[in-house]
Every structure is written in structure tokens, then in C-alpha cells.
2 protein chains.
Amino acid sequence: MHIHNYINDNVFKNSFGSSNELPFPTYHKKIKKNEIITPFGSIEDKAIFLVEGIIESAIENNGEIKIIDFVFPNNFICSYTSFLMNSPSDIQTKALTDCKVEYILKSDLEKAYQNSIVANKFGKHAAEQFLIKKIKRENEFLTLSAEERYVNLIDQNPEIIKSIPVHKIAKYLGIHPESLSRIRSKVYF
Amino acid sequence: MHIHNYINDNVFKNSFGSSNELPFPTYHKKIKKNEIITPFGSIEDKAIFLVEGIIESAIENNGEIKIIDFVFPNNFICSYTSFLMNSPSDIQTKALTDCKVEYILKSDLEKAYQNSIVANKFGKHAAEQFLIKKIKRENEFLTLSAEERYVNLIDQNPEIIKSIPVHKIAKYLGIHPESLSRIRSKVYF
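It should be emphasised that the depicted structure is a prediction, and the values quoted were computed from it without experimental measurement. (Residues numbered from 1 in each chain as written. Chains lettered and ligands numbered in written order. Predicted model: local features only at pLDDT ≥ 70, side-chain atom pairs only at ≥ 80, totals over all residues.)

Some points on the overall build of chain A
Along its length, chain A carries eight helices and eight strands. For chain A, the C-alpha radius of gyration of 18 Å lies close to 16 Å, the compact-globule estimate for 189 residues. Summarising its shape, the C-alpha atoms of chain A cover approximately 55 × 35 × 30 Å along the three principal directions. In chain A, which comprises 189 residues, the proportion classed as buried is 30%. (Helix = DSSP H or I, 4+ residues; strand = E, 2+ residues; numbered from the N terminus. Rg over C-alpha atoms; globule rule 2.2 N^0.38 Å. Buried ≥ 20, exposed ≤ 12 C-beta atoms within 10 Å, placed from the backbone.)

Rendered as C-alpha cells:
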């Protein structure tokens with residue numbers, strides 16, 4: 001899927017039409033496995049739509065990296081706070097596999113926001129989707145055990161098991177790899 | 001402050017103008033201290049702008065209430081996931097003090113989203129602001145101690161100390177009231 005289809009399907013429920021032009025240009029790029037896309041401290045200048053591959057986003061605390069998100073195809077990813085506030089990024093995004101992405105430059109998007117209702121509907125939708133994801137993760141942390149959160153994660157993204165190393169899944173769940181091994185043996189055998 | 005000023009100041013950086021009409025009606029209401037505004041399990045049908053007072057939002061887990069947000073004047077509050085997805089609310093919002101609010105009905109807002117760029121700019125801004133708050137809280141939970149989070153909370157909202165009972169602040173920080181008492185004696189004496 002590409003950004004045009006995403007906007008047609010999700011923002012306009014198929015009423016945008018294939019002949020309508022997007023109010024901003026988009027660019028395509030391939031990213032190699034392990035390449036850092038947005039480094040800590042940089043100012044985010046683009047919103048990436050993931051076409052193929054997996055991206056992780058992480059924060060750093062006293063030298064320790066904590067994974068806060070895995071991103072799968074047909075989703076947007078950027079250092080959102082940096083993008084919105086022009087502040088140095090407190091997250092790092094990195095390709096976990098070889099990736100294909102399509103992206104929008106922040107400068108183009110901001111120009112489009114001035115007069116385009118399509119651009120504003122898209123920006124509203126993107127912020128809302130990211131917000132729903134964040135609220136869900138907060139609620140899961142506050143109400144579910146690590147085991148329940150693991151089961152949810154695998155249910156919603158079965159490809160995680162074959163594509164992401166166990167120590168990274170443990171980092172995302174906020175538990176030790178040994179605790180995750182115990183959970184995995186309990187849940188699947 | 002009221003919604004018209006908020007949109008002029010924050011969404012349009014003072015270019016909206018006092019003579020322009022909002023693309024949706026708004027309503028005013030007084031809410032008594034301890035009144036539940038949005039109950040657990042209800043479908044959120046309005047976005048509230050807090051004019052005066054303090055509102056808390058909380059989730060429930062096995063009979064235990066966990067406070068996830070305190071809302072102060074000049075901010076919007078609603079059960080966002082319920083509002084966006086038409087799903088039963090997993091949060092409860094409640095007036096911590098007598099409150100004055102101005103609100104927008106979801107049905108009016110959705111009508112305005114169809115054709116009004118002003119409504120879409122407003123909706124985008126509201127989602128972005130709420131997202132920035134959520135990301136900040138997630139990062140603080142992952143990188144700061146309870147003591148550091150308490151100091152941040154008080155720095156940003158000094159009125160919390162005189163307006164909100166200690167046991168509620170402890171619930172928000174996710175710690176026992178006794179731990180908070182230890183932190184308070186350490187930080188302020």
C-alpha cells in the first residue's frame with residue numbers, strides 16, 4: 001500500500017478517488033536493516049509511511065535503550081514530539097529489517113496545512129491513530145500483567161515471533177528476557 | 001478563556017479573529033464537585049473545554065481506580081478512545097472541584113469535519129496536544145523516578161498541592177501514599 005491508497009481507504013473511506021492528487025509530494029526510499037532513521041537529538045523533518053519491513057522506536061535512559069514501539073507496514077512513524085514541536089528528538093527510530101518507505105517532508109506538509117482540507121483531515125487522522133495506540137499501550141501497562149500484554153502483542157501481530165529477536169520483545173514489554181522465556185513456555189506449551 | 005479564544009490563540013495564532021464564527025455550536029454547563037462526567041462504559045458524546053476547576057480521568061482495574069490525568073483550565077478533556085471509536089469508555093472523568101465547562105457535541109463536530117477546514121485544523125490540534133501529553137507521560141514513566149516525576153508535576157502545576165488530595169496525587173504517580181509522604185518531606189524540607 002502507498003500513502004495515496006492509505007488516505008483514500010482510511011481518511012476518506014474510499015471517497016477520495018484515485019484521480020485526486022495529494023496536496024503534498026511524497027518520496028520513496030529503501031532503508032537497510034539496522035540503519036538509524038531518526039537519531040536521538042535530531043529534529044524530525046519527515047513523516048514516514050512504512051511500505052515493507054519493520055521499524056522500532058526507542059528511548060534512552062542512562063545509557064539503556066528502551067523500546068517503545070514496533071511499527072509494521074501500512075502505518076506512519078516519526079519522532080512525533082520533535083515533528084510537532086521542532087524539539088530535539090528524544091526517540092530514535094531504526095530499521096529492524098530491510099525496509100521500503102514512502103515519506104512526506106514536514107515543510108511540504110506544513111505548507112499544505114495552510115489551505116488544504118485534505119491535508120488537515122490527513123493530519124488529524126494520523127494524530128488520532130497514534131493517540132489511540134498510545135492510550136491503548138498506557139492502559140495495558142496499567143491494567144495487564146506482562147503475560148497478558150505478551151499474548152495481546154502476539155495476537156495482534158503474529159509476525160513478531162518470527163521477525164523480532166526475543167530480547168527486543170522483552171525490552172518492549174519492559175521485562176527481563178528470562179521472564180519472557182518463562183512466559184513463552186507457559187503460553188505455548 | 002472560552003473555546004473561541006482557545007482556537008484563535010492556539011490553532012490560528014491570532015489570525016482567526018473575533019468576528020469569525022465557529023463551525024459548530026458550543027454549550028455551557030456547571031458541574032458540581034465529585035460529579036461523574038463520563039461514566040465507565042458510556043459512549044463519549046462531547047468534547048469538554050474546562051473553563052474553571054479541575055477534572056480527573058481514571059481507569060479501573062479489578063475494582064481499583066488508577067488516575068491517569070488531572071486536567072486544568074483551558075484544556076480539552078473527553079474519553080478520547082470512546083469519542084473516536086464509538087466504543088464503551090474505559091475511562092471515567094470526574095469533577096474534582098466545582099467546575100465550569102464549555103462543550104462541543106460530537107455529532108456537531110463530525111458534521112463540521114465534512115467541509116470546514118477550521119473544524120479539521122481544530123481537531124488536528126486537539127489530537128496533537130493530547131498526543132504530546134501522552135508521549136511525555138510515557139517517557140517520564142520510563143525514564144524518571146517517582147521523585148523526579150513528582151517534582152515535574154508540581155513545577156508544571158503548582159496549584160496541584162493546594163487543590164488535590166495527597167492520596168490522589170500518589171495514585172497518579174503510581175506509588176503508595178506513604179512513599180509520596182517520604183518524597184514530599186525530602187523535596188520540600
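From this point, the discussion proceeds with the structure in view.
Here we look at the environment of Ile-154 of chain B
Residue and element names in this part refer to chain B. Position of Ile-154 relative to the elements: it lies in helix 5 (residues 146–156). Taking the C-beta count within 10 Å as the criterion, Ile-154 has 16 such neighbours and is therefore assigned partly exposed. Apart from residues no more than four positions distant in its own chain, Ile-154 is found in contact with Ile-160 and Ile-161. (Contact = placed C-beta atoms within 7 Å.)

Comments concerning the interface of chain A and chain B
On the side of chain B, 24 residues touch chain A, which itself brings 25 residues to the contact. Elements that contribute at least two residues to the side of chain A that touches chain B include exactly strand 4 (55–61), strand 5 (64–71), helix 2 (80–85) and helix 4 (117–143) of chain A. For the side of chain A that touches chain B, the leading source of residues is helix 4 of chain A, giving 16 residues. Across the side of chain A that touches chain B, the residue classes break down as twelve nonpolar, six polar and seven charged. (Nonpolar A, V, L, I, M, F, W, Y, C, P; charged D, E, K, R; others polar.)

Overview of the pairing of strand 3 (residues 46–52) of chain B
Consecutive side chains along a regular strand alternate between the two faces of the sheet. Residue and element names in this part refer to chain B. Burial runs high along strand 3: five of the seven residues are buried. One ladder, built from two bridges, connects strand 3 with strand 6 (residues 76–77); its direction is antiparallel. Counterpart to Phe-49 in the pairing with strand 6 is Phe-76. (Pairing = 2+ DSSP bridges.)

Regarding the sheet that holds strand 5 of chain A
Residue and element names in this part refer to chain A. If you walk across this open sheet you meet the four strands as 2-7-4-5, and the pairing is antiparallel. The open sheet has two free edges, formed respectively by strand 2 (36–38) and strand 5, since each of these has just one partner strand. When strand polarity is set aside, the average angle formed by the axes of neighbouring strands in this sheet is 35°. Two strands pair when backbone bridges link them, and strand 4 and strand 5 are joined in this way by seven bridges, in the antiparallel orientation. Among the inter-strand pairings, Ser-57 is bridged to a residue of strand 5, identified as Asp-69. (Axes fitted to C-alpha atoms, helices over the stretch in contact; angles between N-to-C directions.)

So, the sheet that holds strand 1 (residues 27–31) of chain B
Residue and element names in this part refer to chain B. One open sheet accounts for four strands, arranged 1-8-3-6; its pairing is antiparallel. In this open sheet, the two edge strands, each paired with only one partner strand, are strand 1 and strand 6. Along the sheet face, helix 3 (residues 106–115) touches strand 3 and strand 8 (99–105) and points at about 45° away from the line of strand 8.

As for the relation of the copies chain A and chain B
Least-squares fitting of chain A to chain B yields an RMSD of 0.0 Å, with the transformation described by 0.0 Å of translation along the axis and a rotation of 180°. Such a combination of rotation and displacement between the chain copies is what one expects of a two-fold axis. Judged by C-alpha distance, Lys-124 of chain A is the residue of chain A that lies nearest the rotation axis, at 1.9 Å. Comparing contact sets, 96% of the residues at the interface of chain A also lie at the interface in chain B, consistent with an isologous, same-surface contact. (Least-squares fit on C-alpha atoms with pLDDT ≥ 70 in both.)

Concerning the packing of helix 1 (residues 3–11) of chain B against helix 4 (residues 117–143) of chain B
Residues and elements named next belong to chain B. Running from N to C, helix 1 and helix 4 cross one another at 75°; their axes reach a closest spacing of 11 Å. For the element pair helix 1 / helix 4, the angle class is roughly perpendicular. Each of Ile-7, Asn-10 and Val-11 in helix 1 lies in contact with helix 4, whose residues at this interface are Lys-121, Phe-122 and His-125. A per-class count over the contact of helix 1 with helix 4 returns three nonpolar, two polar and one charged. (Parallel < 35°, antiparallel > 145°, perpendicular 65-115°, else oblique.)

Considering the packing of helix 4 of chain A against helix 4 of chain B
At a minimum axis distance of 8 Å, the contact between helix 4 of chain A and helix 4 of chain B shows a crossing angle of 30°. The orientation of helix 4 of chain A with respect to helix 4 of chain B, classified from their angle, is roughly parallel. Read as a crossing pair, helix 4 of chain A and helix 4 of chain B show a hand that is left-handed. In this structure, helix 4 of chain A contributes Ile-117, Asn-120, Lys-121, Gly-123, Lys-124, Ala-127, Glu-128, Phe-130, Leu-131, Lys-134, Ile-135 and Glu-138 of chain A to the contact, and helix 4 of chain B contributes Ile-117, Asn-120, Lys-121, Gly-123, Lys-124, Ala-127, Glu-128, Phe-130, Leu-131, Lys-134, Ile-135 and Glu-138 of chain B. Per-class residue counts for the contact of helix 4 of chain A with helix 4 of chain B are ten nonpolar, four polar and ten charged. (Left-handed = near helix turned anticlockwise from the far one by under 90°.)

What about the pairing of strand 3 (residues 46–52) of chain A?
Two elements, strand 3 of chain A and strand 8 (residues 99–105) of chain A, share six bridges in a ladder whose sense is antiparallel. The residue of strand 8 of chain A that forms the bridge with Lys-46 of chain A is Leu-105 of chain A.

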